[in-house]
Amino acid sequence: MTAPAAPPDRDQALQLLHGMLRIRRFEERCAELYGQTKIRGFLHLYIGEEAIAVGVMRALTPDDAVVATYREHGHALARGIPMTAVMAEMYGKASGCSRGRGGSMHLFDAGLHFYGGNAIVAGGLPLAIGLALADKLQNRPRVTACFFGEGAVAEGEFHESMNLAALWKLPVLFLCENNLYAMGTALERSEAQTEVQEKARAYGMPGIAIDGMDVTMVDSSAQQAVAEVRAGGGPQLLELRTYRFRAHSMFDAERYRDKAEVEAWKRKGPLVRFIDRGKREHWFDDGDIAQIERTVSEEIQAAVDFAETSEWEPVAELTRDVYTPWPTP
Amino acid sequence: MTAPAAPPDRDQALQLLHGMLRIRRFEERCAELYGQTKIRGFLHLYIGEEAIAVGVMRALTPDDAVVATYREHGHALARGIPMTAVMAEMYGKASGCSRGRGGSMHLFDAGLHFYGGNAIVAGGLPLAIGLALADKLQNRPRVTACFFGEGAVAEGEFHESMNLAALWKLPVLFLCENNLYAMGTALERSEAQTEVQEKARAYGMPGIAIDGMDVTMVDSSAQQAVAEVRAGGGPQLLELRTYRFRAHSMFDAERYRDKAEVEAWKRKGPLVRFIDRGKREHWFDDGDIAQIERTVSEEIQAAVDFAETSEWEPVAELTRDVYTPWPTP
Amino acid sequence: MADAVNDATPRITYREALRRSLHAALSTDPRVFLMGEDVGRYGGAYAVSMGLLEEFGPERIRDTPLSESGFVGAAIGAALGGLRPIVEIMTVNFSLLALDQILNNAATIRHMSGGQFSVPVVIRMATGAGRQLAAQHSHSLENWYAHIPGLRVLAPATLEDARGMLTTALTCPDPVVIFEHVMLYNVESELAADAGAVEIERAAIRRPGRDVTLVTYGGSLPKTLDAAGQLAAEGIEAEVIDLRSLRPLDQPTIIESVSRTRRIVVVDEGWRSGSLAGEIIARVVEEAFYELDAAPARVCSEEVPIPYAKHLEDAALPQPDKIVQAVKKVMGHG
Amino acid sequence: MADAVNDATPRITYREALRRSLHAALSTDPRVFLMGEDVGRYGGAYAVSMGLLEEFGPERIRDTPLSESGFVGAAIGAALGGLRPIVEIMTVNFSLLALDQILNNAATIRHMSGGQFSVPVVIRMATGAGRQLAAQHSHSLENWYAHIPGLRVLAPATLEDARGMLTTALTCPDPVVIFEHVMLYNVESELAADAGAVEIERAAIRRPGRDVTLVTYGGSLPKTLDAAGQLAAEGIEAEVIDLRSLRPLDQPTIIESVSRTRRIVVVDEGWRSGSLAGEIIARVVEEAFYELDAAPARVCSEEVPIPYAKHLEDAALPQPDKIVQAVKKVMGHG
Ligand SMILES: Cc1ncc(C[n+]2csc(CCOP(=O)(O)OP(=O)(O)O)c2C)c(N)n1
Ligand SMILES: Cc1ncc(C[n+]2csc(CCOP(=O)(O)OP(=O)(O)O)c2C)c(N)n1
Ligand SMILES: [Mg+2]
Ligand SMILES: [Mg+2]
């Protein structure tokens, strides 16, 4: 059922590689900065799952909407929020993309239709329904891409949202990032039926499972799904099979899974695989990779510098933006 | 997939008829009493759906648990709560089965393991999960029968409860009383997938649809399902196809359905059909029916007399039973 | 139908005032739509939206499945998407199922995004007891909502406010929750043909008086006015303040009144502990402690799940006689 | 593991005190089991149940899917079915998803059934801010729960209470909600080897004083004691009351103290409007108006979704310096 992945040309391949490496290195730096207490609160790394955000975002137009979770650095960067603004947000600076209010879990960008960073599991799904409903009622040919983990599938809001989307034939693309664990809870300990895409059928919705570690496969599947949804075919569910290489958050001792399991998955990681293949198929060579690494590293350093030198929001501004300025009549 | 309905013998047939007529006439009287303002608040009549409560309850043992909704007079009576106590509850008297606190929507009986009368749509489902979990953890061979309307299927709690029951292989029998409407909302306007029993598959749970207007079919299907659940086969869903002949509650103008539709369903009603068949197959005759009507009418009159003459709870007792008497250590 | 709507009948019900307000909004702003359980074909559980489906069609008078979290969240999303949704939660009792969406999304997204988004959603719900609907269907949880930064919370107690608050709320860029007390729907009074938007941040003095300030809102206003009438017959002139807005609270109006009367009784159908009444009293003593001549008092619901039986339900709720007693005690005539 | 549990190390953490309490309950009562998200293999989001799965097995240390309403309702049902469930809701922030079950079932079934059923469920949850977890993960909604008739609500602020309240709650026939403040888990102090059940209806005076009464609970207790220390250095002797039980409230202890000190400041991490602090003040002025020499005051959270940035989060929450200032103002030194 999955679309055949058209091999990328050299430019596309370099873009995909750049997109993934950029997220990977950014997050590696974030982990270091966390150790240095520059970043605080919860920090959920996307390392291992980069192919999904990079592959899916390519399928969207600037007008489409994105709803993501607390594990959304990758989505924010791939969508185009400047790395400076994202890093400043992680620092809690006023120049952050959420003015320092949100931190790692709540990245927002109105111009890019990036509706957060939602830290309540499944809490973003109803929002996606509403965004898509607004598009439908206003006859806008937009798609809302709604990301969530496989853990969210157990929540009542998943069920309610899937049904509403299907019932009202809304242009929503549900993207279930199935990394097999919700914190320490393996999928088979949370779902009676573990084939997530099977759930879609209970709502009469098309649903397929994709290898989420293969960025070209994600890319082409997302292209096809987005096109169908945009054409008015109603909502779809893509289950993206992936794995998180790091701990759930910086507080997680990972007692629930074997090192060996993690290592096995790392060997199937989106970057190793794409680099292997890209070199084998001569899309790029080591020189290209080194060049990308340099660009990325410069971008990251610039982002850190920006964050470091940005101002703190004055405390006097604490309660701004609780309400929108509005004259009572 | 449904069990073949073994024809009842004369005794069984009379019991089934008596069970259904008793609920029908009781509720007809309740509607009158509502007009006389003896009964107040919400009154949700089960008229048209009696075959379900009567058929299912026969399959349960006294140790089994029942969880019902606000449309539960039929279930309460069929389970064995004395009609006097039910009627007194509708009057709000201290002798009512919930001491006048609950009214029509909240009939309870601890001795009969009748856990209410829940007026939050789908609110009883998680309770049923817990009751079944308690049975499982304590190795009690009990079944929890959980009734709900097809409207409840859209609620997140339905989804969460179905999954928990299936995941933990709990002895719950889910009984979806599909009367096609949730207040004024027809099933096809609330569910993308209208085959309710199909939903069960999303949890890897067996689910079948039954003609809920045929009491013998309900009886035999429930017997089989209860036996399988009790034997440790895990939860099951029975969808019981039925129709409510009266308005949703006493406030409903029924603008959402045609009189003709209602009339057509009435002709397929559980009592007409069972009486026709019973006479045709000589399970009983008009004399038997008249005899049952007399018994029922006497029981109802006795219940009304009991309710009329019962005492009101003294106002001084208002806040009793908010907390259980308990010595702080 | 459309004609009847614009017709200023001399006396109409609170329900009809709400309906006219919905009708006017739907007629004038194409971004406005109404969604909720049974708002369409059924006409609304409390018959507020009767006839609107026929006039505005099923896209704008949108019946929803029983999925409170889902459709309230969808209304929030639709507001983010540029519409002006009015979402009806049938009653406050079911709003708990949607509370996560209201608190963690509607009220929070603006601040959490650094001010990038506003969420102009209006959430209407029926509230309160008095119809013998028993414990699960008789809640008064206004104070929970009034606790939430980022929300505005309104309680129309008069026909003018039933007609006007929704209109104003729809011009507000932030989420507004409107509580309609179930005992008010059938209340009748006159309503001017040109009734429309009202301001939504100030309390109103519904009856002036010099001896004691009675502060209340929503479904308790008629009871409080009744009590004030009885007190007047005994020579006690009570000033009755209708809060109208529960968040923000119009503290100046309350303080000004109390500074004149030097006595206060708050009437609130919420359970006493943790009631909005407690908040009002706290504010008054923080702000005007030395203006008071007597200890403040509250008349609230008893701390019990509301029982079905009429005499028990009546005993559980604030009633005019309890208000009269509380006032007399505060006046030193207790 | 089992040995370590019974070992009275001189200093242990609040977290460890909770763990010992769970361990003792699981060891002594076969009806007790623990359920919740990640309580088993993960060891608990705040590591409270670390090691219990290995000792008691997956039936009694039951990991649940992310289905708050479902599994909290299941715990209520299991309590009806004769067990003594302890259900952990990872944090209060997610408890909104289960609030319908808690209010409309756990708290209500006893009364609504005319006293036929009790619901002996214990619901534990982490609460509060201070770890830079931002708006959706920093709520303090204790007062919402304390509003609900039929519940008991506890806030252990010390190791003795962390160890003992759960034990007592498990003997209680009614639902008990226990709030564990996230900033307390790492607090260390000594705990007697034989520490066990504590009574759960009375407030405790954590520091005696004659000049002003500071009422607080949970995560604000250390801040309040800190402030009291600073005040003492300036000659102001503050009495610090730890409420311990938020429902029922131990009004006599508060009134007695205030009658001596004649001044009160309430410290509460809830947002100011509709806070538990407001309720305390209302009760004090209703009951002991004439005992007060000064207007009561509160130190609460600012009315803003809690921001991520440390300096903003700090500014949003009660802090010792704000408490000191509030006390000085109440003392007339402001
Ligand atoms: C409603 C709710 N319950 C619990 C949590 C705590 N929590 C945060 S992330 C998480 C795991 C979610 O797993 P999944 O959806 O698979 O996403 P992943 O973290 O694997 O990307 C949990 C339990 C939460 N944030 N919201
Ligand atoms: C959570 C919740 N939402 C809404 C309601 C109002 N309500 C009461 S009954 C009902 C319809 C339920 O329909 P269904 O589940 O099909 O049961 P039926 O009444 O047909 O037996 C509704 C919407 C409620 N009680 N609870
Ligand atoms: Mg996951
Ligand atoms: Mg129905």
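Below is a summary of the structure that appears in this document.

What counts, and at which threshold
Residues numbered from 1 in each chain as written. Chains lettered and ligands numbered in written order. Predicted model: local features only at pLDDT ≥ 70, side-chain atom pairs only at ≥ 80, totals over all residues. Heavy atoms only, no water. Helix = DSSP H or I, 4+ residues; strand = E, 2+ residues; numbered from the N terminus. Rg over C-alpha atoms; globule rule 2.2 N^0.38 Å. Buried < 20%, exposed > 50% of the residue type's maximum accessible area, 1.4 Å probe, protein only. Contact = heavy atoms within 4.5 Å. Areas by Shrake-Rupley, 256 points an atom, 1.4 Å probe, with all protein chains shown as cover. Donors = N, O, S within 2.8 Å, 3.2 Å for Na, K, Ca; no water. Core = buried A, V, L, I, M, F, W, Y, C linked by side-chain atoms within 4.5 Å. Phe/Tyr/Trp six-rings, centres within 6.5 Å; stacked < 30°, edge-to-face > 60°. Lys NZ or Arg CZ within 6 Å of the ring centre and 35° of its normal. 1 Å grid on protein atoms, 1.4 Å probe; cavity = no way out; pocket = protein on both sides within 12 Å on 5 of 7 lines; lining within 4 Å. Points joined across faces, edges and corners; volume = space filled by probe spheres on them. Nonpolar A, V, L, I, M, F, W, Y, C, P; charged D, E, K, R; others polar. Expected span 1.5 Å × (residues − 1). Tetrahedral: all angles 85-135°; square planar, octahedral: opposite > 155°, others 65-115°. Pairing = 2+ DSSP bridges. Axes fitted to C-alpha atoms, helices over the stretch in contact; angles between N-to-C directions.

### Regarding the overall build of chain A
Thinking step 1. For chain A, the count of helices and strands is 11 helices and eight strands.
Thinking step 2. For chain A, the C-alpha radius of gyration of 19 Å lies close to 20 Å, the compact-globule estimate for 329 residues.
Thinking step 3. Its C-alpha atoms give chain A principal-axis dimensions of roughly 65 × 50 × 40 Å.
Thinking step 4. Within chain A, the proportion of its 329 residues that are buried is 64%.
Thinking step 5. Partitioning the intrachain contacts of chain A with sequence separation of at least 6 by distance along the chain shows that 75% fall at a separation of at least 24.
Thinking step 6. Of the accessible surface of chain A, which amounts to about 11100 Å², a share of 51% is contributed by carbon and sulfur atoms.

### Quick word on the coordination of the magnesium ion (ligand 3)
Residues and elements named next belong to chain A.
Thinking step 1. For the magnesium ion (ligand 3), the protein coordination sphere consists of Glu150 (OE), Asn179 (OD1) and Tyr181 (O), at 2.0 to 2.2 Å.
Thinking step 2. Coordination of the magnesium ion (ligand 3) draws on donor residues from a single chain, spaced E-x28-N-x1-Y in sequence. You can see glutamate 150 sitting in the loop between strand E3 (144-149) and helix H6 (156-167) and its partner tyrosine 181 sitting in strand E5 (residues 181-182), a full 31 residues away along the chain. Taken individually, glutamate 150 and tyrosine 181 each receive the classification buried, so the pair is uniform in this respect.

### Notes on the nonpolar core
Across soluble globular proteins, nonpolar side chains show a tendency to be buried alongside one another.
Thinking step 1. Within the largest apolar cluster, 386 residues are counted, with the highest numbers of intra-cluster contacts made by Tyr145(C) and Tyr145(D).
Thinking step 2. Setting aside chain neighbours within four positions, we find Tyr145(D) in contact with Val92(D), Ser95(D), Leu96(D), Leu99(D), Ile102(D), Met125(D), Leu151(D), Val153(D), Val177(D), Phe179(D) and Arg247(D).

### Brief notes about the packing of aromatic side chains
Thinking step 1. For the coordinates displayed, the defined rule picks out 34 aromatic pairs over all chains.
Thinking step 2. Taking 5.1 Å as the distance between ring centres and 85° as the angle between the ring planes, the aromatic pair formed by Phe289(C) and Tyr290(C) counts as edge-to-face.
Thinking step 3. Judged by its relative accessible area of 56%, Tyr290(C) falls in the exposed class.
Thinking step 4. Among the aromatic residues, those joined into a cluster by ring pairs are Tyr181(A), Tyr243(A), Tyr256(A), Trp265(A) and Tyr42(D).
Thinking step 5. When the ring centre of Trp265(A) is taken as reference, the NZ or CZ atom of Lys268(A) above it lies at 4.0 Å.
Thinking step 6. In this structure, Arg131(D) is placed above the aromatic ring of Phe251(A), and the distance from its NZ or CZ to the ring centre is 5.0 Å.

### Some remarks on unusual backbone geometry
Thinking step 1. Going from Arg247(C) to Pro248(C), the amide bond is cis rather than trans, its omega being -5°.
Thinking step 2. Positive phi is not limited to glycine here, since Ala122(B) has a value of about 75°.
Thinking step 3. Here Ala122(B) is to be found in the loop between strand E2 (114-118) and helix H5 (124-137).
Thinking step 4. For Gln132(D), which is not glycine, the phi dihedral falls at a positive 55°.
Thinking step 5. Along the chain, the position of Gln132(D) falls in the loop between strand E5 (122-127) and helix H8 (142-146).

### Quick word on the layout of surface pockets
Thinking step 1. Its boundaries defined by the atoms lining it, the second largest pocket holds a volume of some 700 Å³.
Thinking step 2. If you go around the second largest pocket, you meet 47 residues; those closest to its centre are His44(B), Met183(B), His248(B), Tyr42(C) and Met90(C).
Thinking step 3. Listed by contribution, the elements that provide at least two residues to the lining of the second largest pocket are strand E3 (144-149) and strand E5 (181-182) of chain B together with strand E4 (84-91) of chain C.
Thinking step 4. Of the residues in the lining of the second largest pocket, the class split is 22 nonpolar, 11 polar and 14 charged.

### Quick look at helix H5 (residues 124-137) of chain A
Residues and elements named next belong to chain A.
Thinking step 1. The end-to-end C-alpha distance of H5 is 20 Å, a good match for the 20 Å that 14 residues give at a rise of 1.5 Å each.
Thinking step 2. By the criterion of burial, H5 is predominantly enclosed, with 12 of the 14 residues buried.
Thinking step 3. Listed in full, the buried residues belonging to H5 are Gly124, Leu125, Pro126, Leu127, Ala128, Ile129, Gly130, Leu131, Ala132, Leu133, Ala134 and Asp135.
Thinking step 4. Positioned one or two residues after H5, asparagine 139 has a phi angle of 55°, which is positive.

### Describing the coordination of the magnesium ion (ligand 4)
All names here are of chain B.
Thinking step 1. For the magnesium ion (ligand 4), the full set of protein donor atoms is Glu150 (OE), Glu150 (OE), Asn179 (OD1) and Tyr181 (O), and the range of their distances to it is 2.0 to 2.8 Å.
Thinking step 2. Metal-centred angles of 50 to 174° between the six donor atoms at the magnesium ion (ligand 4) mark the site as irregular.
Thinking step 3. In terms of primary sequence, the donors binding the magnesium ion (ligand 4) are separated according to E-x28-N-x1-Y.
Thinking step 4. With relative accessibility at 2%, the residue glutamate 150 sits in the buried group.

### Some points on the sheet that holds strand E14 (residues 297-301) of chain D
All names here are of chain D.
Thinking step 1. A sheet is described by the order of its strands in space; here five strands give the open sequence E9-E11-E10-E13-E14, paired in mixed fashion. The two strands at the open ends of the sheet, each matched to only one other strand, are strand E9 (204-207) and E14. Within this sheet the neighbouring strands show an average axis-to-axis angle of 25°, counted without direction.
Thinking step 2. As paired elements, strand E10 (residues 212-216) and strand E13 (residues 264-271) share three bridges and run parallel to each other. What sits directly across from leucine 214, in E13, is valine 265.

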